[in-house]
Amino acid sequence: MLRWVEFPLGPQVLEGLNVGRIDLVATSDALPAFAQAAKADLVYLGYSTANPKIEAIVVPAASVIHSVKDLKGKRVALNKGSDVNYLLIAALEEAGLSYQDITPLYLPPADACAAF
């Protein structure tokens, strides 16, 4: 029997898969990579190509931040273990920065929007 279960965010879905509470997950590309880095025992059944045009790093219009390099020393809200987390890591690396150069604030999307 198939039962549809909704989870608030992707990381919780993969945790459910990892602990055996669910059997199959449709998810994005970065989430399984983060889960496997945390030693989750999972297998890919299929995949599609990434779509990098659906995510972005955004700042308020009047912000002094104009490039990724300007994030150094700043607080950055993101959903931990998500595609956005991967985007941030990759963008920081490309700008010559590391994750230690920012202060990550792990917030679910609704809370991040409110904080923004």
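Below you will find a few notes about this structure. (Residues numbered from 1 in each chain as written. Predicted model: local features only at pLDDT ≥ 70, side-chain atom pairs only at ≥ 80, totals over all residues. Heavy atoms only, no water.)

### What about the overall build of the protein chain?
Filter applied, for reference: Counting from the N terminus, the helices are DSSP H or I runs at least four residues long and the strands are E runs at least two residues long. Each residue is placed in one exposure class: buried if its accessible area under a 1.4 Å probe, protein chains only, is under 20% of its type's maximum, exposed if it is over 50%, and partly exposed if it falls in between. By definition in these notes, contact holds between two residues if any of their heavy atoms fall within 4.5 Å. As used throughout, the charge tally considers Lys and Arg to be positive and Asp and Glu to be negative, leaving His and the chain termini uncounted. Charge positions are represented by NZ for Lys, CZ for Arg, CG for Asp and CD for Glu.
For the protein chain, the helix and strand inventory stands at 4 helices and 2 strands. Listed N to C, the secondary structure of the protein chain is α-α-β-α-β-α in terms of helices and strands. Based on the C-alpha atoms only, the size of the protein chain along its principal axes is roughly 55 × 30 × 25 Å. By residue count, 24% of the 116 residues in the protein chain fall in the buried class. Pairs at least 24 apart in sequence give 55% of the contacts found in the protein chain among residues at least 6 apart. Computed over 9 positive and 12 negative side-chain charges, the inter-centroid distance for the protein chain is 6 Å.

### A closer look at helix 1 (residues 10–18)
Applicable threshold: Arc definition: it is the arc formed by the directions from the helix axis to the C-beta atoms.
Val 13, Leu 14 and Gly 16 are the residues of helix 1 that are buried. Taken end-on, helix 1 shows its buried residues confined to a sector of 155 degrees, consistent with a single buried face. Considering only its buried residues, helix 1 is in contact with helix 2 (30–37). The positive-phi residue at the C-terminal boundary of helix 1 is Gly 20, with phi of around 80 degrees.

### A short note on the pairing of strand 2 (residues 103–106)
Rules: The pairing criterion is simple: DSSP has to find at least two bridges between the two strands. Handedness of a crossover: with both strands directed away from the viewer, a clockwise path from the first strand across the helix to the second marks it as right-handed.
Relative to strand 2, strand 1 (residues 75–78) runs parallel, the two sharing 4 bridges. The residue bridging Arg 75 from the neighbouring strand is Thr 103, located in strand 2. Between the parallel pair strand 1 and strand 2, the chain is carried across by helix 3 (residues 83–94), and the sense of this crossover is right-handed.

### Observations regarding the nonpolar core
Note on soluble globular proteins: their nonpolar side chains tend to be buried together. Basically, it comes down to this: The term nonpolar core refers to a set of buried residues drawn from Ala, Val, Leu, Ile, Met, Phe, Trp, Tyr and Cys, joined through side-chain atoms within 4.5 Å.
If you look at the biggest cluster of nonpolar residues, it comprises 8 residues: Ile 65, Leu 71, Val 76, Leu 78, Leu 88, Leu 92, Leu 97 and Ile 102. Those elements that place two or more of their residues in this core are strand 1 and helix 3. Discounting chain neighbours no more than four positions away, the residues touching Leu 71 are Ile 65, Val 76, Leu 88, Leu 92, Asp 101 and Ile 102. Judged by nonpolar contacts, the second largest core, of 5 residues, contains Leu 14, Leu 31, Ala 35 and Leu 42.

### Notes on the packing of helix 2 against helix 3
Stated formally: Working convention: axes come from line fits to C-alpha atoms, limited for helices to the stretch in contact. Angles between N-to-C directions cover 0 to 180 degrees. Oblique is the label for any angle not covered by the other classes, which are roughly parallel (under 35 degrees), roughly antiparallel (over 145) and roughly perpendicular (65 to 115). Gly falls in the polar group here, along with every residue not listed as nonpolar (Ala, Val, Leu, Ile, Met, Phe, Trp, Tyr, Cys, Pro) or charged (Asp, Glu, Lys, Arg).
For the pair helix 2 and helix 3, interaxial distance at closest approach is 8 Å and the crossing angle is 80 degrees. Here helix 3 runs roughly perpendicular to helix 2, going by the angle between their axes. The segment helix 2 lies against helix 3, with Ala 30, Leu 31 and Phe 34 engaging Asp 83, Asn 85, Tyr 86 and Ile 89. Here the residues of the contact of helix 2 with helix 3 sort into 5 nonpolar, 1 polar and 1 charged.

### Looking at the environment of Ser 67
Take Ser 67: it is sitting in the loop between helix 2 and strand 1. A sequence separation of 10 residues divides Ser 67 from Ile 57, and the C-alpha atoms of the two residues are 9.7 Å apart.

### Here's the deal with the packing of helix 1 against helix 2
The relative placement of two packed helices comes down to the angle between their axes together with the axis-to-axis distance. Worth spelling out the cut-off: Handedness of a helix crossing follows the sense of rotation of the near helix relative to the far helix, less than a right angle counterclockwise being left-handed and clockwise being right-handed.
Put simply, helix 1 and helix 2 touch, their axes get as near as 10 Å, and they point 50 degrees apart. Taken together, the axis directions place helix 1 and helix 2 in an arrangement best described as oblique. As helix 1 packs across helix 2, the resulting crossing turns out to be right-handed. Where helix 1 approaches helix 2, its residues Gly 10, Pro 11 and Leu 14 are matched on the opposing element by Leu 31, Pro 32 and Ala 35. Among the residues forming the contact of helix 1 with helix 2, the class breakdown is 5 nonpolar, 1 polar and no charged.

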